[in-house]
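# Per-entry structural report
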Amino acid sequence: MTNREENLKKINAELEQLSDEELEQVAGGTMEEVDEDIKRFKALNITIDEGHGHASWVAQDILTGSLVGEFKAHGVDYIRSWINPNQYYINGKKVTQDEAWKHIEAQHKK
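To continue, consider the overall build of the protein. From N to C terminus, the protein includes five helices and three strands. Overall, the protein shows an N-to-C arrangement of helices and strands of α-α-α-α-β-β-β-α. The proportion of buried residues among the 110 residues of the protein is 29%. The long-range fraction of contacts in the protein, counting pairs at least 24 apart against all pairs at least 6 apart in sequence, stands at 52%. Carbon and sulfur atoms provide 51% of the accessible area of the protein, an area that totals close to 7600 Å².

Okay, structure coming up:
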């Protein structure tokens, strides 16, 4: 067996031991999370400045700033990561992306 196959076996064995909540923190990836956040804000008629028309690195800064601002306006601290899953906090407590969105959507139902 190659090193790659051995490593994949080890990784899969470790993943099998994770709970669904722990696995959610591993799965996803930042761009998928960002895309999901943009779609969910749009569903609430909130526009996120995606930085179109700017160089890609500038556009990413504009997009991140826009997301941070909207999350903050809804009581969620948002930390965008370029490598790891993004982080969401409510009242200093780390929450999942789904928990953050339940908090935001509950505000819009009022």
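The next point concerns the pattern of salt bridges. Oppositely charged side chains can form a pair if their charged atoms are brought close together. Scanning all chains against the criterion turns up four salt bridges. With a shortest N-O distance of 3.3 Å, Arg40 and Glu105 are connected by a salt bridge. Separated by 65 residues along the polypeptide, Arg40 in helix 3 (residues 30-43) and Glu105 in helix 5 (residues 97-109) bring together distant segments of the chain. Asp77 is the partner of Lys72 in a salt bridge, and the nearest nitrogen-oxygen pair spans 2.5 Å. For Lys72, a relative accessible area of 52% corresponds to the exposed category.

Read from one edge of the open sheet, three strands run 1-2-3, paired in antiparallel fashion. A single partner strand is all that each edge strand has here, and the edge strands are strand 1 (77-79) and strand 3 (93-95). On average, each strand axis in the sheet is inclined to that of its neighbour by 30°, with strand direction left out of account. Bridge count between strand 1 and strand 2 (residues 87-90): three bridges; the pairing is antiparallel. Bridge pairing links Asp77 to Tyr89 in strand 2. Contacting strand 2 and strand 3, helix 5 runs over the sheet at an angle of about 45° to strand 2.

On to unusual backbone geometry. Unlike most non-glycine residues, Asn45 shows phi in positive territory, near 60°. Inspection of the secondary structure assignment puts Asn45 in the loop between helix 3 and helix 4 (56-73). One non-glycine residue, Asn91, lies in the positive phi region at around 50°. Within the secondary structure, Asn91 sits in the loop between strand 2 and strand 3. Residue class for Asn91 comes out exposed when judged on its relative accessible area of 77%.

Now for helix 5. Spanning 13 residues, helix 5 covers 19 Å between terminal C-alpha atoms, matching the ideal 18 Å at 1.5 Å per step. Residues Gln97, Ala100, Trp101 and Ile104 constitute the buried set of helix 5. Taken around the axis of helix 5, the buried residues stretch over an arc of 95°, which confines them to a single face. Those residues of helix 5 that are exposed and angled more than 90 degrees off the buried face are Lys102 and Lys109.

Thresholds applied
Residues numbered from 1 in each chain as written. Predicted model: local features only at pLDDT ≥ 70, side-chain atom pairs only at ≥ 80, totals over all residues. Heavy atoms only, no water. Helix = DSSP H or I, 4+ residues; strand = E, 2+ residues; numbered from the N terminus. Buried < 20%, exposed > 50% of the residue type's maximum accessible area, 1.4 Å probe, protein only. Contact = heavy atoms within 4.5 Å. Areas by Shrake-Rupley, 256 points an atom, 1.4 Å probe, with all protein chains shown as cover. Salt bridge = Lys/Arg side-chain N within 4 Å of Asp/Glu carboxyl O. Pairing = 2+ DSSP bridges. Axes fitted to C-alpha atoms, helices over the stretch in contact; angles between N-to-C directions. Expected span 1.5 Å × (residues − 1). Arc of directions from axis to C-beta.

Everything listed here is a matter of geometry and, on its own, says nothing about what the molecule does.
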